[in-house]
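Remarks on the overall topology
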Amino acid sequence: MHGRGLVLGAAIGDCVHVAGVINFLALAAEEGYRTVFLGPAVDPERLIQAIEEHRPEIVGLSYRLTPSTAVEILRSLRESLTERGLLNRRYLFGGTAPVCRAASEMGWLEACFDGTSERAGVRATLRGQEGGQDGERPNLEGLAGYPSTLVQRINWKRPKPILRHHFGLPSFEATVEGITRLAESGALDVISLGIDQNTQQSFFRPEEIDPSRDGSGGVPVRGQGHFCQLKAASRAGNYPLMRCYSGTRDVTRLAGVLKETIDNAWCAVPLLWYNVMDGRGPRSLRESIAEAQELMRWHAEREIPVEVNEAHHWGLRRAHDALVVAAGYLAAYNAKAAGVRNYVAQFMFNTPPGSAPAMDLAKMLGMIDLIRSLEDENFSIIKETRGGLASFPAEPARARGHLAASTYLQLALEPEIIHVVAYCEADHAATPAEIIESCGIVEGVLDQWITGGFPDLAASAEVQARRREVVEEAWEIIEAIRSIGSLTDPEVLAGAVETGLLDAPDLKGNPVARGELKTAIIGGACRSVDGQGRVLKERHRVGRIYVS
């Protein structure tokens, strides 16, 4: 990182609390500044002499006592700085929330930070319009200094992962207001726009829209202007990125609209879903596979990251761990084949409900092992974790605890993105206030995590044994499909579903899938079982399919 100027820090007046200003100077040092700390209870004259001596670019002032006293100290200090010609530099302030409110009203301090301020906001202020990672100048918006691409935002936020949350209310007006509130709060980095099924399926076919289904599953968007309004609502606070799932029809055409209007931060598309198999559209399985692959290529050509949200669709339908891991590999394999460079791999924990944390972690580590086997100089992985909605209890207090515990487990993967699931969503779609609170719970876990010293949950012998087992079993499925043909051939992939190589219990009665697979939670892991409930090894399950 290139060198910068000097930052001078001090707790002023009669304030002896120095932890805040020391933390601020540590962040400044990480950003490439030289730092000088004057200590506690620094009187105005000593501070002014130090400014004249060191000629700092930034002066960090701290005061944590009475607001009225702080105002008097700051007023007197400003008069002295003006008289000495020293007001022509950047002055930042830190204190308690009441003191910061009083200080900010004085109008001469560039920024005020209290105990709720995020490190990212402090870093953004320190960086001003320069920003960047390893010498790269990011695309910054307005005067906020927040990177506007996914990779830059991740690098800028380190060591913490960026936070994403799904949001889209049945009312368009309420969604616009909610997005603005979320942006102004600075609670999350990515607003994942949830559009209703009418939009996903019939955005370009308004004559097909059924008004009685408006708002079903998300916000009704009726035209490009609506997308532009939603994006404009997010241009406040910490300028969060915005992204949206792919539609269930006319997917590439809709991708162009999303790029043009909301500057879609990354594409999210399944490989084998959003068709007649899950009832989310009229497309056949083969048709949707081919269109998903084309959509991946479209984004790859424009260097937009891609997420193939495939694995958890199988887990949500109670497929066993080995099949979920195999599906995760197939998704990444197809993305790489399409030319994707930055691949967002999502790992949904707590799915199916009843999975033991150790076994859940082992499954995710096994999936990472398979996906990482594809990594090279042209294909890199961005890990995104989330909790499984079906595992959340409806009772609010318990749900808050579940969110914190799930986040703690997810951190064993060292994710770059955490997809926050609001604690209330087992009962109802989250309001902006509930999203902000849920992000705060996750931030509380992250505050402890970045201090270091957490036990290595992945090092457990039990976890490692299951990790190896689930990788071995997943390869059985992958190689069985490969023996039929290419892993990117829509005919081969559709055949894997139709023959039952890829199957799930909750697909029983499905128009294209078998729905014959039986699974059970045994020893905390979701395993394939036979008709008597005994564990069925994958080589035996695959062998039975070949025989039939």
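Everything below is about the structure printed above this text.
Here the structure is a predicted model, which means the values were calculated and not measured.

1. Some words on unusual backbone geometry
Note the cis peptide between arginine 158 and proline 159, where omega equals 10°. Assignment of secondary structure puts proline 159 in the loop between helix 6 (150-157) and strand 6 (162-167). The linkage connecting threonine 351 with the following residue, proline 352, adopts the cis geometry, with an omega of -5°. Looking at the secondary structure, you find proline 352 in the loop between strand 11 (342-349) and helix 14 (357-372). With phi around 55°, glutamate 303 is a residue other than glycine that occupies positive phi space.

2. Some details on the pairing of strand 13 (residues 417-420)
In strand 13, alternate side chains face the same way, and those of Ile417 and His419 on one face and Ile418 and Val420 on the other are all buried. Here strand 6 runs beside strand 13; their pairing, made up of four bridges, is parallel. Residue histidine 165 lies in a different strand from strand 13, and its bridge partner there is valine 420. As judged from the three bridges shared by strand 12 (residues 380-387) and strand 13, these two strands associate in the parallel manner.

3. Notes on the nonpolar core
Core analysis: the biggest nonpolar cluster contains 76 residues, and Leu272, Met296, Trp314, Tyr343, Phe347, Ile481 and Leu502 have the highest contact counts within it. A total of eleven residues in this core trace back to one element, the largest contributor, which is helix 13 (residues 321-337). Each residue touching tryptophan 314, except ones within four places of it in the same chain, is listed here: Leu272, Trp273, Met277, Ala319, Leu323, Val324, Ala327, Val497, Leu502, Asp503, Ala504 and Leu507.

4. Structural notes on the packing of aromatic side chains
Inspection of the entire model under this criterion finds nine aromatic pairs. With a centroid separation of 5.0 Å and 90° between ring planes, the pair formed by phenylalanine 203 and phenylalanine 204 is classed as edge-to-face. Taken as a pair, phenylalanine 203 and phenylalanine 204 share a single burial class, namely buried. For phenylalanine 203, a relative accessible area of 14% corresponds to the buried category. Three or more aromatic residues link up through ring pairs in this structure, and these residues are Phe203, Phe204 and Phe227. Its end group placed over the ring of tyrosine 245, arginine 243 keeps NZ or CZ at 4.7 Å from the ring centre.

What counts, and at which threshold
Within any chain, residue numbers begin from 1 and follow the written order of that chain's sequence. The predicted nature of this model means local features are confined to residues of pLDDT at least 70 and side-chain atom pairs, given and counted, to a pLDDT of 80 or more, with totals for whole chains, interfaces and linings taken over all residues. With hydrogens and water excluded, all non-hydrogen atoms of the structure serve as input to the side-chain values. Only DSSP runs of H or I covering at least 4 residues are called helices, and only runs of E covering at least 2 are called strands; the numbering of each starts at the N terminus. Three exposure classes are used, based on accessible area relative to the maximum for each residue type with a 1.4 Å probe and protein chains only: buried under 20%, partly exposed in between, and exposed over 50%. DSSP calls a pair of strands paired once it identifies at least 2 bridges connecting them. Take the buried Ala, Val, Leu, Ile, Met, Phe, Trp, Tyr and Cys residues and link them wherever side-chain atoms come within 4.5 Å; each set so joined is a nonpolar core. What makes two residues a contact is simply this: any of their non-hydrogen atoms within 4.5 Å. Each Phe, Tyr or Trp ring, with Trp reduced to its six-membered ring, pairs with another whose centre is within 6.5 Å; inter-plane angles below 30 degrees give stacked pairs, above 60 give edge-to-face pairs, and intermediate values give tilted ones. Criterion for a charge above a ring: Lys NZ or Arg CZ within 6 Å of the ring centre, and within 35 degrees of the ring normal.

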